[in-house]
Amino acid sequence: MTSSKVENDHSGDGAVGEGYQRGLGARQIQMIAIGGAIGTGLFLGAGKAISKAGPSLVLAYAIAGLVIFFIMRALGELLMYRPVSGSFSEYAREFIGPFAGFVTGWTYWLFWVVTGITEVTAAATYMTYWWNIPQWISALVFTVVLYGANLISVKLFGELEFWFSMVKVTAIVGMILICAGILTLGFSDAGDTASVTHLWADGGFFPKGIGGTVMTLQIVMFAFLAVELVGVTAGESKDPETTLPKAINTVPWRIAVFYVGALIMILSVVPWTHFKPGVSPFVAAFEQMGLGVGAAIVNFVVLTAALSSCNSGMYSTGRMLRDLALNGQGPRLFTRLTKSGTPLIGTTFSALLMLVGVWINYQWPGDAFEKVVSFATISGMWAWIMILISQIRYRASADRGELPQSSFKAPGAPYTSWFALLFIFGVIVMMGIDAEARVSLYCAPIWALILGVSYLVLRSRDPENAAFTR
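Cut-offs used in this document
Residues numbered from 1 in each chain as written. Predicted model: local features only at pLDDT ≥ 70, side-chain atom pairs only at ≥ 80, totals over all residues. Heavy atoms only, no water. Buried < 20%, exposed > 50% of the residue type's maximum accessible area, 1.4 Å probe, protein only. Helix = DSSP H or I, 4+ residues; strand = E, 2+ residues; numbered from the N terminus. Arc of directions from axis to C-beta. Salt bridge = Lys/Arg side-chain N within 4 Å of Asp/Glu carboxyl O. Phe/Tyr/Trp six-rings, centres within 6.5 Å; stacked < 30°, edge-to-face > 60°. 1 Å grid on protein atoms, 1.4 Å probe; cavity = no way out; pocket = protein on both sides within 12 Å on 5 of 7 lines; lining within 4 Å. Points joined across faces, edges and corners; volume = space filled by probe spheres on them.

Some remarks on helix H17 (residues 344–354)
Okay, so step 1: Within H17, burial applies to Gly346, Thr347, Ser350, Ala351 and Met354. Seen end-on, H17 carries its buried residues on one side only, within an arc spanning 130 degrees.

So, the pattern of salt bridges
Side chains that differ in charge, positive against negative, can pair when their charged atoms come close.
Okay, so step 1: Under the counting rule described, the total for this entry stands at 7 salt bridges.
Okay, so step 2: Here glutamate 94 makes a salt bridge to arginine 82, at a shortest N to O gap of 2.8 Å. Of this pair, glutamate 94 sits in helix H5 (residues 87–95) while arginine 82 is found in the loop between helix H4 (57–81) and H5, placing the two residues 12 residues apart along the sequence.
Okay, so step 3: The shortest N-O distance in the salt bridge between glutamate 90 and arginine 93 comes to 2.3 Å. You can see glutamate 90 and its partner arginine 93 sitting in helix H5, 3 residues apart, about one turn around the helix.
Okay, so step 4: The exposure class assigned to glutamate 90 is buried, which follows from its relative accessible area of 2%.

Points about the packing of aromatic side chains
The geometry of two aromatic rings is summed up by the distance between their centres and the angle between their planes.
Okay, so step 1: Within the structure shown, the criterion is met by 20 aromatic pairs.
Okay, so step 2: Here tyrosine 61 and phenylalanine 224 contribute two aromatic rings whose centre-to-centre distance is 6.0 Å and whose plane-to-plane angle is 90 degrees, an arrangement assigned as edge-to-face. Residue tyrosine 61 is located in helix H4, and its partner phenylalanine 224 is located in helix H11 (residues 217–224); the two are separated by 163 residues in the primary sequence. Across this residue pair, the class does not change: tyrosine 61 and phenylalanine 224 are buried.

Some thoughts on the layout of surface pockets
Okay, so step 1: The volume enclosed by the second largest pocket comes to roughly 300 Å³.
Okay, so step 2: Lining the second largest pocket are 16 residues, with Thr107, Trp382, Ala444, Trp447 and Ala448 sitting closest to its centre.
Okay, so step 3: Contributing elements (two or more residues each) for the lining of the second largest pocket: helix H6 (98–127), helix H19 (368–399) and helix H21 (438–461).
Okay, so step 4: At 6 residues, the largest contribution of residues to the lining of the second largest pocket is made by H19.

So, in structure tokens, the structure goes:
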């Protein structure tokens, strides 16, 4: 969808350009933004990161969180310039080129398909806490149920995400308060040993060295993937000019509380050496405290978090496919909407691919999560790279008077955007060094080749399409 295809928005809940409906209110947008930053990367992936970096993981989250804020403010500037559905590919298409828009749209779609696989894998893992049932069965059930929920309406999606996010936020705040109570009042099995000195007493703040901390950045960045989801909701937000900036500006305190604050508390109550990969540090912490009921509750919460992220994936993939199809960069059948304004065929196609996660859980139940995390990270970071480059080029054009200025400028840009780009490229280098994550970099050229050939074929069939020209 080029800018010429964007129809005038309408207020309220009625239909808007592209056939979507403004069904997401301020309450839902805020919680979607909060929930996007709290997912499996924190609840499950942090276990592996703690074992690799120790307490210094707190510093890694803080630095990466600052970079995420720069990315989100760059996205916010673009959104206030032109709030559209499929925003990442739209901005890449406008400010970088048609091929960049094509690659961004399809790569972001792939990211959410892979993330959906990751999240149902995590959810299936959490189910084994209560019942010894095969992971692939849980993964299958969750995929089918969330697919059905996404076909009803965007309002239902927003409401589900609101309550999913509310559960996650309440749980983390509760965890912080419980840990604070243990540190000050000394109750539970961990009361006698809980101390902030655990942050530096067990091998120091950098027990695995600074190199160990740096190598966790890919895990840390995976935890923040989906924070940009608020940009995808722009086309279905009731008042994007008001709700989106507010949601983006909450990024710093979200990271400070839910990542830095929560980890400081957990690592103060339970020494970092007690955590291990593949086990949620939140569940493990409650077990170490001797609060068995609390561990079961937290396991339910992290299960909810995984399902929330998968729900977001179902939402995003259908809309990204439709945006590509509207531009002639995807099959026309993906443009079809239901009466309630949901992209039925695109969502169905994506859900079918997510069923690959069921097979992965059947083949490698113990390693399924790790096998897909690194590929999700590299594909998700591509969207961030495109956002930053697009913002840099947009700002330059706006400063020359060629385009209107955004009402929500990114502070410190373009320098902050350049810094964020360098940081992301540094993380990619770390992924190349890490043998476990390197497989995702092997897959990237294959995906690029597929996209390159597909683009040439589509352009040859419709050379006059504006989506293939500047």
